[in-house]
Amino acid sequence: LAAVAQIGDVYYSSLQNAITAAPDSTATTVTMVANTNESNITIAATKNINLNVNSKTITGNMTNSGTLSLSSGTIVGNGSITISNSGTLTITSMNITNNNRVLNNTGTTTLKSGTLTCNFSGYAHAVVNSKTFTMTGGSIILNELSGATSGIGAALYTSAGTTNVTGGKISASA
């Protein structure tokens, strides 16, 4: 199989294999070398991953329980939630989209730059926060798709916890 990601000089046939191979409790940079289509990428609570998407595209969903920094690429969600975060998540220079929820945060998330976009028909929220969400830059966008008969949603919905917005742009369109 062709390589999708690397850690140092070691190449892996899937992003999940690279994340799993990363040592526990050690900050590890994983660099994408090709686009990938993987569902249910999981970052365990013991992992500290700096994922340089490297201008590539990940099609799939992620569950983060550890420490995850995402940078420089695209994630296209293909399920009900693109990223489920119960750990610590930092987003920089990413374009993350889904036709449903982009981020479900029950941990600590910081959006520094990039765009989180939810294109929906019906009921959806782009970001749901129930712990700590900080936005210092970037954009959160909720777009109701053409032809939708009824739409209810929010670009950023805080059900509990703390939301801090000091920069960036939040928008919704119908």
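Up top is the structure these notes are about.
The following refers to the structure shown.

Definitions and limits used
- Residues numbered from 1 in each chain as written.
- Predicted model: local features only at pLDDT ≥ 70, side-chain atom pairs only at ≥ 80, totals over all residues.
- Heavy atoms only, no water.
- Helix = DSSP H or I, 4+ residues; strand = E, 2+ residues; numbered from the N terminus.
- Rg over C-alpha atoms; globule rule 2.2 N^0.38 Å.
- Buried < 20%, exposed > 50% of the residue type's maximum accessible area, 1.4 Å probe, protein only.
- Areas by Shrake-Rupley, 256 points an atom, 1.4 Å probe, with all protein chains shown as cover.
- Lys, Arg positive; Asp, Glu negative; His and termini not counted.
- Charge placed at Lys NZ, Arg CZ, Asp CG, Glu CD.
- Salt bridge = Lys/Arg side-chain N within 4 Å of Asp/Glu carboxyl O.
- Polar contact = N/O pair within 3.5 Å; in protein donor to acceptor, adjacent residues only side chain to side chain.
- Contact = heavy atoms within 4.5 Å.
- Core = buried A, V, L, I, M, F, W, Y, C linked by side-chain atoms within 4.5 Å.
- Pairing = 2+ DSSP bridges.
- Axes fitted to C-alpha atoms, helices over the stretch in contact; angles between N-to-C directions.

Things to note about the overall build of the protein
Thought 1: Along the protein, the regular secondary structure elements total 1 helix and 20 strands.
Thought 2: Expected size for 174 residues packed as a compact globule is a radius of gyration near 16 Å; at 16 Å, the protein falls within 12% of this value.
Thought 3: The buried share of the protein, reckoned over its 174 residues, is 43%.
Thought 4: As displayed, the protein offers around 7500 Å² of accessible surface, 47% of which is attributable to carbon and sulfur atoms.
Thought 5: Treating the 6 positive side-chain charges of the protein as one cloud and the 4 negative ones as another, the clouds have centres 10 Å apart.

Description of the pattern of salt bridges
Thought 1: All chains considered together, the criterion is met by 1 salt bridge.
Thought 2: Where Asp-24 meets Lys-47, a salt bridge forms, and the shortest distance between an N and an O atom there is 3.1 Å. With a gap of 23 residues between them, Asp-24 in the loop between helix 1 (15-21) and strand 3 (27-32) and Lys-47 in the loop between strand 5 (41-43) and strand 6 (48-52) connect regions that are remote in the sequence.
Thought 3: Of the residues examined, Lys-47 reaches a relative accessible area of 9% and is grouped as buried.

Things to note about the side chain of Thr-36
Thought 1: Structurally, Thr-36 is set in strand 4 (residues 36-37).
Thought 2: Among the polar contacts made by the side chain of Thr-36, one reaches the side chain of Glu-38 at a distance of 2.7 Å.
Thought 3: In contact with Thr-36, other than residues within four places in its own chain, are Val-4, Thr-57, Ile-58 and Thr-59.

Some words on the nonpolar core
Side chains of a nonpolar character, in soluble globular proteins, are inclined to be buried together.
Thought 1: Counting 39 residues, the largest nonpolar core has Leu-15, Leu-51, Ile-58, Met-62, Leu-70, Ile-96 and Ile-140 as its most contacted members.
Thought 2: Ranked by residues supplied to this core, first place goes to strand 11 (residues 88-98) with 4 residues.
Thought 3: Those residues in contact with Leu-70, other than ones at most four positions away along the chain, are Leu-51, Met-62, Ile-75, Ile-83, Leu-89, Thr-90, Ile-91, Thr-92, Met-94 and Ile-96.

Observations concerning the sheet that holds strand 8 (residues 62-64)
Thought 1: With parallel pairing, the 6 strands of this open sheet are ordered in space as 5-8-10-12-15-18. Across the chains shown, the open sheet's two edge strands, defined by having one partner strand only, are strand 5 and strand 18 (152-158). Adjacent strand axes in the sheet meet at a mean angle of 15°, parallel and antiparallel pairs treated alike.
Thought 2: Of the pairings in the sheet, the one linking strand 5 to strand 8 comprises 3 bridges and is parallel in character. Within strand 8, the position partnered with Thr-42 by the bridge is Thr-63.

Regarding the pairing of strand 14 (residues 114-120)
Thought 1: Most of strand 14 is tucked away: 5 of the 7 residues are buried.
Thought 2: Here strand 11 pairs with strand 14 via 5 bridges, running parallel. Counted as the bridge partner of Asn-98 is Cys-118 from strand 14.
Thought 3: As judged from the 6 bridges shared by strand 14 and strand 17 (residues 139-144), these two strands associate in the parallel manner. In the sheet register, Leu-116 faces strand 17, and the bridge partner there is Ile-140.

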